[in-house]
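So you can see what is in the structure, the chains are spelled out below.
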Amino acid sequence: MLTLLQSSLHYLFERTEAAFNLFFDDDWNPFYQLGALSFYFFWILAGTGLYLFVFFETSIDGAYSSLQYLTNEQWYLGGVMRSLHRYCSDALAITVTLHLIREFAMGRFTGKRWFSWFTGIPLLWFMFAAAIGGYWLVWDQFAQYVAVATMEWMDWLPAFGDPLARNFLTNEAVSDRFFSLMVFLHFGIPLFMMVGMFVHISRVSKAKSNPPKGLAIGTIAAFIVLSLIKPAISADPADLSLTQLDIPVDWFFLSAYPFFDILGHGAVWGILVGLSTFLSFLPLIFREKKKPVAVVDPDHCSGCGWCELDCPYDAVVFGEHPNPKYERLAVVLEDKCVSCGICTGSCPTATPFQRVDVLKSGIEIPDFTIEDFKGEIIARLGKLEGEARIIVLGCEKGAAYKTLELDNVITISLPCIGFLPPSFVDYLIRKDHADGVMVTGCCLDNCYNRSGNLWTAERFKGERSPHLRTVAAKDDNKVRVRWAGAMELGALKAEIITFSQSLRSDYVPENTTSERFRSKGKNYYGQALFYAAIISFVGYFSTSPTYTRVAEGDATVKLSMRHTGQIIGECRIMSEEELQRLPPNMRQAKVCPRERSSIEFQFLVDGEEAYHKVVEPAGYKKDGRAKLYHRFTIKAGEHEITARLKDHRDLEDFNYQETQMIDLPSRAVLVVDFDPDTKKFIIIGSRAQ
Ligand code: HEM
Ligand code: SF4
Ligand code: SF4
């Protein structure tokens, strides 16, 4: 089931990415840069956030007006900063989510990558917590919804003393102190997130944490345009005495919120915590088969260091060389090596021109040695026939090029294209084993082993050692290097056909790169279209469709109280002897048991029970306060309400009771509380009777 999901997603990504390659080219393709884009959006959020903070007032009254000032009076800078802050957070949610799904789809989360995967999950929680906290700071009606809904959700956990939602019962209940705490959290959480992000990539060697310039400019320009077209604005100021009808929900962060009402708080906790736990342990379900790690042969290693430079997993270090002629010997770290074979491709000794019975290289993977590689080539050569004989050397993770075999085309698969020492291609051409060699692998910037194709591209261009020496490789003459994703098989096939045409004796020189490969490249109109689509998507779903929690014609009732039940048992006067036995500082004439009774609360609307609950006292010794919070809706209009409280379980009847006629306007919030000092119910929110 999971494997089916993975392969379907893989297919979907490959298809989409192939389409994107047509106008972004491999190096700007946003799908290959999702992690880097996430970093980028984070930095934009940090920068714009700092600017906003300069003008932000951290009080309940000041918060709303200070942001209104930025939006209205300073729209050209403060307003744009505010909008960028908002839209880039949405963009971050998109890139991080896609990044997660893509790493899963491409199978890049198991083995050595488990650490990045595992540390990615808390980042998700940090990201959501920071964004949700950010919405509160605006203190408009959307913030009010987010604050109340979040607090009610948090209250489901038995972790908090008093119900957090009590902080938002009435406008007067919201304290500046609590608000400042929220501001502090909105700064603190991203700081933790930043540390988490660096931990996340700490085991990724040469991690791409900056997107290419073109993509960086394109995305920020797009979001600036969106900020000008649809500036982020506040809803009406928060008013806790009313509920809102059409809440402009940011669906990128709050899609779980309607489920509080549909499924209940516990279910949403269950789903989110369950999903996070499941995802965290996914690398254990998809366990990778351990392959034998690379082995260094001291007889061939000269300590040149090229393998260390190229290993994408930082798995090569150096030790002492047994031969005093050499300064150092490559040493493979077993716990880091994934047997990709890229180091074999780097090693200058991995060459087929050796005059030995068995080829040897300084560093090799036991599953596929250079002797195995040469053996396979020689074995397959017999199948090559006719003119324009082509050998395709490809990576097993790339396009399914094996299906492209023809009489004059054979294909040989390598564990990673980075495995290919260029000298093998020199060898094939110079020994006339083939008329042409095609080197292929996944698109640049999308190597399963991170840099295998990049190093190969550089080696074949002569920009990285070891180089390809064959002069015939120049101008695509006899050696072609073409990168193609799994869904670009057609393009690769067309390229092989044109390549083989160019190798024929009757060939008249012209541009023989296939149409499909020529059409790959940077198409700025196509990119503009993509940016237009993305800003429309973000612009729309950041506020629409709106969500109505309480319908027109309904009113909300919030029942909330904190009350300490009466003592269970009797107080007792201590006898003189008992007092004498105690140390002087502990002598008390009267001692009472600590345990408190549960409290029982009943609420009637028009004579019918609408709520009834017995609440146990808090604390391990049952000596704390009993707390209660419950929200529900009733029809607006006139009602007779009765609140009853019993604070000793042995009492026959409720010992506190209040009945009132109330008139609730549509959307009004009626709060019913109990004052433990005056022992009276507090009923707020109805229209005066
Ligand atoms: C704020 C959130 C995140 C940021 C900024 C972020 C950023 C990055 C970056 C920059 C890389 C290196 C990419 C590369 O060089 O190819 C990376 C790798 C990775 N990330 Fe994330 N990431 C985030 C969240 C996540 C999440 C939620 C997951 C999944 C649970 C995840 C899974 C991975 C994995 C498995 C790798 C390793 C890829 C590899 O070694 O090829 N990341 N991340
Ligand atoms: S096989 Fe791959 S991971 Fe192992 S040392 Fe060589 S390059 Fe590094
Ligand atoms: S590339 Fe080869 S010769 Fe150079 S250090 Fe690595 S194993 Fe030794």
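Rules and cut-offs
- Residues numbered from 1 in each chain as written.
- Chains lettered and ligands numbered in written order.
- Predicted model: local features only at pLDDT ≥ 70, side-chain atom pairs only at ≥ 80, totals over all residues.
- Heavy atoms only, no water.
- Helix = DSSP H or I, 4+ residues; strand = E, 2+ residues; numbered from the N terminus.
- Rg over C-alpha atoms; globule rule 2.2 N^0.38 Å.
- Buried < 20%, exposed > 50% of the residue type's maximum accessible area, 1.4 Å probe, protein only.
- Lys, Arg positive; Asp, Glu negative; His and termini not counted.
- Charge placed at Lys NZ, Arg CZ, Asp CG, Glu CD.
- Domains from an automatic or database assignment.
- Near = heavy atom within 4 Å.
- Nonpolar A, V, L, I, M, F, W, Y, C, P; charged D, E, K, R; others polar.
- Donors = N, O, S within 2.8 Å, 3.2 Å for Na, K, Ca; no water.
- Tetrahedral: all angles 85-135°; square planar, octahedral: opposite > 155°, others 65-115°.
- 1 Å grid on protein atoms, 1.4 Å probe; cavity = no way out; pocket = protein on both sides within 12 Å on 5 of 7 lines; lining within 4 Å.
- Points joined across faces, edges and corners; volume = space filled by probe spheres on them.
- Polar contact = N/O pair within 3.5 Å; in protein donor to acceptor, adjacent residues only side chain to side chain.
- Pairing = 2+ DSSP bridges.
- Axes fitted to C-alpha atoms, helices over the stretch in contact; angles between N-to-C directions.
- Parallel < 35°, antiparallel > 145°, perpendicular 65-115°, else oblique.
- Left-handed = near helix turned anticlockwise from the far one by under 90°.
- Contact = heavy atoms within 4.5 Å.
- Core = buried A, V, L, I, M, F, W, Y, C linked by side-chain atoms within 4.5 Å.
- Phe/Tyr/Trp six-rings, centres within 6.5 Å; stacked < 30°, edge-to-face > 60°.
- Lys NZ or Arg CZ within 6 Å of the ring centre and 35° of its normal.

Caption draft 1: Just the overall build of the chain, in detail. On a plain count of helices and strands, the chain comes out with 21 helices and 18 strands. Its C-alpha atoms give the chain a radius of gyration of 35 Å, clearly above 26 Å, the size a compact globule of 689 residues would have. On the principal axes, the C-alpha backbone points of the chain span a range of 110 × 70 × 45 Å. Residues classed as buried in the chain amount to 52% of the 689 residues present. If the 69 positive side-chain charges of the chain are averaged to one point and the 79 negative ones to another, these points end up 6 Å apart.

Caption draft 2: Local environment of the domain arrangement of the chain. Each assigned domain of the chain is listed with its residue range as follows: domain 1 (116–287), domain 2 (295–513) and domain 3 (554–684). The gap between the C-alpha centroids of domain 2 and domain 3 is 78 Å.

Caption draft 3: Layout of the site of ligand 2. The full set close to ligand 2 counts 14 residues, and Cys-311, Cys-337, Cys-340, Gly-341 and Cys-343 are the nearest of them. For the shell around ligand 2, the class distribution of residues is 12 nonpolar, two polar and no charged.

Caption draft 4: Representation of the coordination of the iron atom of ligand 1 in the model. In the first shell of the iron atom of ligand 1, the protein supplies His-99 (NE2) and His-200 (NE2), at 2.0 Å from the metal. In this structure, the iron atom of ligand 1 is surrounded by six donor atoms whose angles at the metal cover 84 to 179°, and the resulting shape is octahedral. Placement of the pair is His-99 in helix H4 (residues 75–105) and His-200 in helix H7 (residues 176–200), with a sequence separation of 101 residues.

Caption draft 5: Looking closely at empty space enclosed by the protein. Applying the stated rule across the entire model yields three cavities of 30 Å³ or more. As a volume, the largest cavity reaches approximately 170 Å³. Lining the largest cavity are 15 residues, and of these Gln-144, Val-148, Thr-243, Gln-244 and Arg-549 lie nearest its centre. Broken down by secondary-structure element, the contributors of at least two residues to the lining of the largest cavity are helix H6 (141–155) and strand E9 (554–563). Residue contributions to the lining of the largest cavity peak at four residues, all from H6. Residue classes in the lining of the largest cavity are distributed as eight nonpolar, four polar and three charged. Two domains each donate at least three residues to the lining of the largest cavity, and these are domain 1 (116–287) and domain 3 (554–684).

Caption draft 6: Broad picture of the site of ligand 1. Around ligand 1 sit 23 residues, and of these His-99, Arg-113, His-200, Lys-208 and Arg-450 come closest. Separating an oxygen atom of ligand 1 from a side-chain N or O atom of Arg-113 is a distance of 3.1 Å. Elements with a contribution of two residues or more to the shell around ligand 1: helix H2 (34–55), H4, helix H5 (114–137) and H7. The biggest single contributor to the shell around ligand 1 is H5, with six residues.

Caption draft 7: A look at the pairing of strand E12 (residues 599–605). Extensive coverage of E12 is indicated by the burial of seven of its seven residues. The sheet contact formed by E12 and strand E13 (residues 608–615) spans seven bridges and is antiparallel. Each residue of the ladder has a partner; that of Gln-602, found in E13, is His-612. If you look at the hairpin formed by E12 and E13, you'll find two residues sitting between the two strands, and Asp-606 has a positive phi there, around 50°. With six bridges joining them, E12 and strand E15 (residues 637–646) adopt antiparallel strand pairing. If you follow Glu-600 over to E15, its bridge partner there is Lys-646.

Caption draft 8: Structural detail: the packing of helix H1 (residues 2–28) against H4. Contact pair H1 / H4: the axes reach a minimum separation of 8 Å and the direction vectors enclose 115°. By the angle between their directions, the pair H1 and H4 is classed as roughly perpendicular. Taken as a pair, H1 and H4 cross one another with a handedness that is left-handed. Here H1 contributes Leu-2, Leu-5, Gln-6, Leu-9, His-10, Phe-13 and Glu-17 to the contact with H4, which in turn contributes Leu-98, Ile-101, Arg-102, Phe-104 and Ala-105. In terms of residue class, the contact of H1 with H4 is made up of eight nonpolar, two polar and two charged.

Caption draft 9: Region of interest: the packing of H6 against helix H11 (residues 265–280). The contact between H6 and H11 brings their axes to 9 Å, and the two run at 80°. By the angle between their axes, H6 is roughly perpendicular relative to H11. Contacts between H6 and H11 involve Glu-152, Trp-153 and Met-154 from the first element and His-265, Val-268, Trp-269 and Leu-272 from the second. Of the residues contributing to the contact of H6 with H11, the split by class is five nonpolar, one polar and one charged.

Caption draft 10: Representation of the nonpolar core. Membership of the largest hydrophobic core comes to 99 residues, with the highest contact counts inside it found for Phe-41, Trp-136, Trp-139, Tyr-145, Val-146, Phe-168 and Phe-223. No fewer than three residues from each of domain 1 (116–287) and domain 3 (554–684) sit in this core. With sequence-adjacent residues up to four places away left out, Phe-223 is seen in contact with Phe-41, Leu-84, Tyr-87, Cys-88, Ala-91, Ile-535 and Val-538. Among the nonpolar cores identified, the runner-up in size contains 52 residues, and Cys-307, Leu-329, Val-425 and Cys-447 belong to it.

Caption draft 11: Up close: the side chain of Ser-116. Along the chain, Ser-116 turns up in helix H5. A relative accessible area of 15% means that Ser-116 is categorised as buried. With residues near it in sequence (within four places) discarded, Ser-116 still touches His-200 and Val-204.

Caption draft 12: Molecular detail of the sheet that holds strand E5 (residues 390–395). Across the sheet, four strands lie side by side as E6-E5-E7-E8; this open sheet has parallel pairing. Looking at strand neighbours, the two that pair on one side only are strand E6 (409–414) and strand E8 (479–483), the edges of this open sheet. Adjacent strand axes in the sheet meet at a mean angle of 20° when their direction is disregarded. Relative to E6, E5 is paired through six bridges, and the arrangement is parallel. Paired with Cys-395 across the two strands is Leu-414, which belongs to E6. Helix H15 (residues 370–381) rests against E5 and E6 of the sheet, and its axis sits at about 165° to E6. Against the sheet, helix H17 (residues 452–461) makes contact with strand E7 (436–441) and E8, and its axis sits at roughly 150° relative to E8, the strand it touches most.

Caption draft 13: The arrangement of the sheet that holds strand E17 (residues 669–675) in detail. Across the sheet, four strands lie side by side as E14-E9-E17-E18; this open sheet has mixed pairing. Where the open sheet ends on each side, the last strands, each with one partner, are strand E14 (626–635) and strand E18 (680–684). On average, each strand axis in the sheet is tilted by 15° relative to the strand beside it, whichever way the strands run. Sheet topology note: the E9/E17 ladder contains four bridges and is parallel. When the sheet's bridge partners are listed, Leu-559 is paired in E17 with Val-672.

Caption draft 14: Geometry of the environment of Ser-575. The topology assignment puts Ser-575 in the loop between strand E10 (572–573) and helix H21 (576–581). The exposure class of Ser-575 is partly exposed, given its relative accessible area of 31%. Residues Ser-575 and Pro-298, spaced 277 residues apart in sequence, show a C-alpha to C-alpha distance of 91 Å.

Caption draft 15: Summary view of the packing of aromatic side chains. Enumeration according to the criterion identifies 52 aromatic pairs in this entry. Measuring from ring centre to ring centre gives 5.7 Å for Trp-139 and Phe-168, while their planes differ by 50°; the resulting arrangement is tilted. A residue pair is termed long-range when its members are at least 10 positions apart, and Trp-139 in the loop between H5 and H6 and Phe-168 in the loop between H6 and H7 qualify at 29 residues. Accessibility expressed as a relative area gives 2% for Phe-168, which makes it buried. On the numbers, 6.1 Å between centres and 55° between planes, the contact of Tyr-145 with Tyr-547 is tilted. Within this pair, whereas Tyr-145 is found in helix H6, its partner Tyr-547 is found in the loop between helix H20 (524–541) and E9, the two being separated by 402 residues in sequence. This pair shows no difference in class: Tyr-145 is buried, exactly as Tyr-547 is. Clustering of aromatic rings is evident, with ring pairs tying together Phe-13, Phe-20, Phe-23, Phe-24, Phe-31, Phe-530 and Tyr-531. For the cation-ring pair, Arg-113 lies above Tyr-448, with the distance from its terminal atom to the ring centre recorded as 4.8 Å.

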